Structures are given as structure tokens and as C-alpha cells.
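Listed here are the chains, written in short residue letters.
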Amino acid sequence: MKRSVGYRWRLREVMAQHGMFRVNDLIPHLAERGITLSTSQVHRLVSGTPERLSLPVLAALCDIFALTPSDLIATTAENVARPRAASTEGGPVVDLADLRPTRARIHPEP
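Treat the numbers as computed from the prediction; the structure is a model and nothing was measured.

Undergrad: Whenever I open this one, the environment of T102 confuses me. Can you help?
TA: With respect to the secondary-structure elements, T102 resides in the segment after β2 (73-80). A C-alpha to C-alpha distance of 47 Å links T102 and A74, two positions 28 residues apart in sequence.

Undergrad: Explanation requested: the pattern of salt bridges in the structure shown.
TA: Opposite charge on two side chains allows them to pair when their charged atoms are near. Under the definition given, this model contains five salt bridges. Across the salt bridge formed by D25 and R22, the nearest N and O atoms sit 3.4 Å from each other. A relative accessible area of 52% places R22 in the exposed class. A salt bridge links D63 to R33, with the shortest nitrogen-to-oxygen separation between them at 2.6 Å. Here R33 lies in the loop between α2 (27-32) and α3 (39-47) and D63 lies in helix α4 (residues 55-65), a separation of 30 residues in the sequence. Residues joined by salt bridges that share partners form a network here, namely R8, R10 and E13.

Undergrad: Even after reading the chapter, I still don't get the side chain of R10, so can you show me in this structure?
TA: Turning to its location among the elements, R10 is positioned in the loop between β1 (2-9) and α1 (11-17). From its side chain, R10 meets the backbone oxygen of D71 in a polar contact 2.6 Å long. Residues in contact with R10, not counting those within four places in the same chain, are Q17, D71, L72 and A74.

Undergrad: Teacher, can you tell me more about a nonpolar patch on the surface here?
TA: There is a patch of nonpolar side chains on the surface, built from V94, L96 and L99 and spanning about 270 Å² of accessible area. Locating L96 in the fold gives a position in the segment after β2. The class for L96 is partly exposed, based on a relative accessible area of 47%.

Undergrad: Whenever I open this one, α3 confuses me. Can you help?
TA: An α-helical turn contains 3.6 residues, so a residue and the one three or four places further along point in the same direction. Within α3, burial applies to V42, L45 and V46. Projected down its long axis, α3 carries its buried residues within an arc of 95°, all on one side. Of the surrounding secondary structure, the elements contacted by the buried residues of α3 are β1, α1, α2 and α4.

What counts and how
- Residues numbered from 1 in each chain as written.
- Predicted model: local features only at pLDDT ≥ 70, side-chain atom pairs only at ≥ 80, totals over all residues.
- Heavy atoms only, no water.
- Helix = DSSP H or I, 4+ residues; strand = E, 2+ residues; numbered from the N terminus.
- Salt bridge = Lys/Arg side-chain N within 4 Å of Asp/Glu carboxyl O.
- Buried < 20%, exposed > 50% of the residue type's maximum accessible area, 1.4 Å probe, protein only.
- Polar contact = N/O pair within 3.5 Å; in protein donor to acceptor, adjacent residues only side chain to side chain.
- Contact = heavy atoms within 4.5 Å.
- Patch = residues over 30% accessible without salt bridge, like charges linked within 9 Å, V, L, I, M, F, W, Y side chains within 5 Å.
- Areas by Shrake-Rupley, 256 points an atom, 1.4 Å probe, with all protein chains shown as cover.
- Arc of directions from axis to C-beta.

Next up, the structure:
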């Protein structure tokens, strides 16, 4: 079994719960904690789902909203079934490796 993991970035929801509805509302709070980001950087942080996030920024967000990282990042994990070999309706299982063509070998003429 393989595991599939994912996450949901909840910063916009958390901001709304604290009465912050504009990106510019967050910038001064970050600056108070030594985090200087441009308006476009904060906009991407709020509106998108970050692939990378520095720990100082995460710590500042947790301090601003008095929460933990797990409140900002909702994680999911589930088992994913591996695809089964092709089979016909109720018939025998067909191994696809047997159907794969073999590489041709060219021999020079004598």
C-alpha cells in the first residue's frame, strides 16, 4: 500500500476569523515580528498554497493569531491502492509485462 499525503493551507480562513479581510492588514503584524515581505509576497502567502514556507514566517503567523502550525496547516493522509493488472471480466489476470515488445537487435550482414 502506498500513502498519499496532502495539506490545506488555512491562512485566509484564520485571517477572516480574526477580522482581517485584506492582505495589507497582515503586513504590519509581520513587520512587528521582524518579517519584511512585499505586498505581492504576502498576497501569494494569503491567497495561494505555499510549497515552501520559512519557519520564521510560520512562527510569526502562529504568534500573530495565537495558534499552532496544525491550526494553519490541515494535513491529510490516506492509503492508495496500487493499480491492479488488467483482467477481463472474471477471466484470468493478464500480466502486462508479457505483452511488452522486446527490443530489436540488428546484426551486420556477413
